[in-house]
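Breakdown of the fold
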Amino acid sequence: MRKNSIMNPFHKAQHLMLSGFSSQHYYEKMNDALIRLNNEQTMLHYPYYGNLSDDFLQSQKNLTDHCLHKLGSLRNKSVLEIGCGNGVQTYYIFQKYKPSHITGIDLNPGNIAIAKQNRAPQDIRFLEFSVDDAQTLRNIKSNTIDVVLNIESAFHYPNKKAFLKEIHRVLRPGGQFLIADILTKSNNNYLFKRRWKKKMSLYHWHQEDYEYSLPASKLKITQFEDITQKVIQSFKNYRSWIDKMKKKRFLEDLIFKLFFIINARLNIILLQKRRKYIIFVGERVK
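Given the structure is predicted, the values throughout are model-derived calculations rather than measurements. (Residues numbered from 1 in each chain as written. Predicted model: local features only at pLDDT ≥ 70, side-chain atom pairs only at ≥ 80, totals over all residues. Heavy atoms only, no water.)

Here the focus is the sheet that holds strand E2 (residues 101-106). If you walk across this open sheet you meet the 7 strands as E3-E2-E1-E4-E5-E7-E6, and the pairing is mixed. Two strands bound the open sheet, and with one partner strand each, they are strand E3 (127-131) and strand E6 (219-226). Ignoring strand direction, the axes of neighbouring strands in this sheet form an average angle of 15°. With 5 bridges joining them, E2 and E3 adopt parallel strand pairing. Pairing of Ile 105 across the sheet is with Ser 130, part of E3. (Pairing = 2+ DSSP bridges. Helix = DSSP H or I, 4+ residues; strand = E, 2+ residues; numbered from the N terminus. Axes fitted to C-alpha atoms, helices over the stretch in contact; angles between N-to-C directions.)

Spelled out as structure tokens, the structure:
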């Protein structure tokens, strides 16, 4: 019994470290780690600075709110969230912004299973989740969506031009889209880096790629914002988030703290040196 209690934290540590070698494994372990940090299911995207006292979950809500305030009212509109992750953000949008219907799609079956499990029975008619590919959207009919949301997911798509064409297809004429994506500033693409990025399904675009490809897909850009500094500023609060983490067992607490510290510092460095966080807002050209 004593041996199992000692080995268990090391087993968890091994799984957390291996999460950096495949996209699906990463999100499985990130879901577990964020539950450990917040004691509840948490959104999967980056934080956005609002106040120094904001915890991690509030900082994530800040980012969602900042994005959605660019779109005007969602009330009585049909919304599609592409790359909905575990559905926590989808449900938050549904409750706060009152669309008539919202559909969340994600390529990861594990994320969709979590989303469906946490959905309230009375909301099933208005809040749907399905496994689908952003580059084909086989479950979404043409000209049926008022607003398409894509927050921090597009950097996983190898064929972003197909993704943009699908946005145009599913939107009604004049419908709105919002893409919040992490872009690359670097042209370096070493062999090891290419292999690792492929395993992690990382396909970052440059800003210029969006600026050319959105209009080419008949999607007009109406707003643009670089929020990199606000995201970095929020990540720098990571120690206060860790300090608030519910204590359980010493070794397990230590492993999770190291996992969060490594992730937070890595994200800060990448956003300072190689990447930037950009929001594109626009509408379908009729």
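To continue, consider the pattern of salt bridges. Throughout the structure, instances matching the rule amount to 5 salt bridges. Residue Asp 132 is joined to Arg 138 by a salt bridge in which the shortest nitrogen-to-oxygen separation is 3.2 Å. Asp 132 gets classed as buried once you look at its relative accessible area, which sits at 1%. A salt bridge links Arg 172 to Asp 146, with the shortest nitrogen-to-oxygen separation between them at 2.8 Å. Of this pair, Arg 172 sits in strand E5 (residues 171-184) while Asp 146 sits in strand E4 (residues 145-151), and the two are 26 residues apart along the sequence. Assessed through its relative accessible area of 34%, Arg 172 is described here as partly exposed. Residue classification places Asp 146 among the partly exposed positions, given a relative accessible area of 21%. (Salt bridge = Lys/Arg side-chain N within 4 Å of Asp/Glu carboxyl O. Buried < 20%, exposed > 50% of the residue type's maximum accessible area, 1.4 Å probe, protein only.)

Let us now look at unusual backbone geometry. A positive phi angle, near 65°, is found at Asn 76, a position not held by glycine. Of note, Asn 76 is situated in the loop between helix H3 (56-68) and strand E1 (78-82). Assessed through its relative accessible area of 62%, Asn 76 is described here as exposed. Residue Lys 98 is not a glycine yet carries a positive backbone phi of 55°. Mapped onto the elements, Lys 98 comes out in the loop between helix H4 (88-97) and E2. Residue classification places Lys 98 among the partly exposed positions, given a relative accessible area of 39%.

Let us look at the packing of H3 against H4. Axis separation between H3 and H4 bottoms out at 11 Å; the angle between their running directions is 55°. Judged on the interaxial angle alone, H4 and H3 are oblique. In this structure, the crossing between H3 and H4 has a hand that is right-handed. Here H3 contributes Lys 61, Thr 64, Asp 65 and Leu 68 to the contact with H4, which in turn contributes Gln 89, Tyr 92, Ile 93, Lys 96 and Tyr 97. (Parallel < 35°, antiparallel > 145°, perpendicular 65-115°, else oblique. Left-handed = near helix turned anticlockwise from the far one by under 90°. Contact = heavy atoms within 4.5 Å.)

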